[in-house]
Amino acid sequence: AQVITEGAVTIPQYAEGQLTPGGPGKYNNEKSWYNVPNARTIMGLSEDKRNLTLFTVDRAKDSQGLTVGEAAALLATDYKVHNALNLDGGGSTTLALRNPETNQGEIVNATQNRAVCSSLAVFAPAK
């Protein structure tokens, strides 16, 4: 879902009858998964489209995560993200980076290490 559009937070809303109640959170039109704190993965672009922000928030240790709206507001305000997409959340939220000192890939967040069959990889030339 697009959660920031032209600098404004734009969390989708379910119309009555669009969401079949159920799932592990017993979600329904009144209790959307968007409004439940959880681990999140969001990516966004700056207004000039020159900066890509990759954002993860954990739901581990002392953190309950964020709602989609909380994460989007943080990105729009503090990081000046102009357009953003909510990618995934929960146990599949994982961010790995190449350590510039060791040149090895490392997971940098507190993940549940759930097996996931898809990923987003970003490669940039060294400067």
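The sections below set out a description of the structure shown in this document. The shown structure was predicted, so the numbers you read here are calculated from the model rather than taken from an experiment.

### Regarding the overall build of the chain
Scanning the chain for helices and strands turns up one helix and seven strands. Each principal axis of the C-alpha distribution contributes one length, and for the chain these read about 50 × 35 × 25 Å. By residue count, 29% of the 127 residues in the chain fall in the buried class. Relative to all contacts within the chain whose residues are 6 or more apart in sequence, the contacts with residues 24 or more apart total 54%. Of the accessible surface of the chain, which amounts to about 8,800 Å², a share of 51% is contributed by carbon and sulfur atoms. On the chain, the mean spot of the 11 positive side-chain charges and the mean spot of the 12 negative ones are 4 Å from each other.

### A word on the sheet that holds strand β5 (residues 83-89)
Across the sheet, five strands lie side by side as β2-β1-β5-β3-β4; this open sheet has antiparallel pairing. Since the sheet does not close on itself, it has two edges, and those belong to β2 (8-9) and β4 (52-57), each with one partner. Judged from the two bridges that link them, strand β1 (residues 2-5) and β5 form a sheet pairing that is antiparallel. Its bridge partner lying in β5, Q2 is registered against L85. On the sheet, helix α1 (residues 68-78) packs against β1, β2, β3 (40-45), β4 and β5 and is oriented at approximately 30° with respect to β1.

### Details of the environment of L75
Its place among the elements puts L75 in helix α1. When the C-alpha atoms of L75 and N28 are compared, they prove to be 27 Å apart, with 47 residues separating the residues in sequence. Excluding anything up to four places from it in sequence, L75 contacts I4, I42, T53, F55, K80 and V81.

Rules of the game
Residues numbered from 1 in each chain as written. Predicted model: local features only at pLDDT ≥ 70, side-chain atom pairs only at ≥ 80, totals over all residues. Heavy atoms only, no water. Helix = DSSP H or I, 4+ residues; strand = E, 2+ residues; numbered from the N terminus. Buried < 20%, exposed > 50% of the residue type's maximum accessible area, 1.4 Å probe, protein only. Contact = heavy atoms within 4.5 Å. Areas by Shrake-Rupley, 256 points an atom, 1.4 Å probe, with all protein chains shown as cover. Lys, Arg positive; Asp, Glu negative; His and termini not counted. Charge placed at Lys NZ, Arg CZ, Asp CG, Glu CD. Pairing = 2+ DSSP bridges. Axes fitted to C-alpha atoms, helices over the stretch in contact; angles between N-to-C directions.

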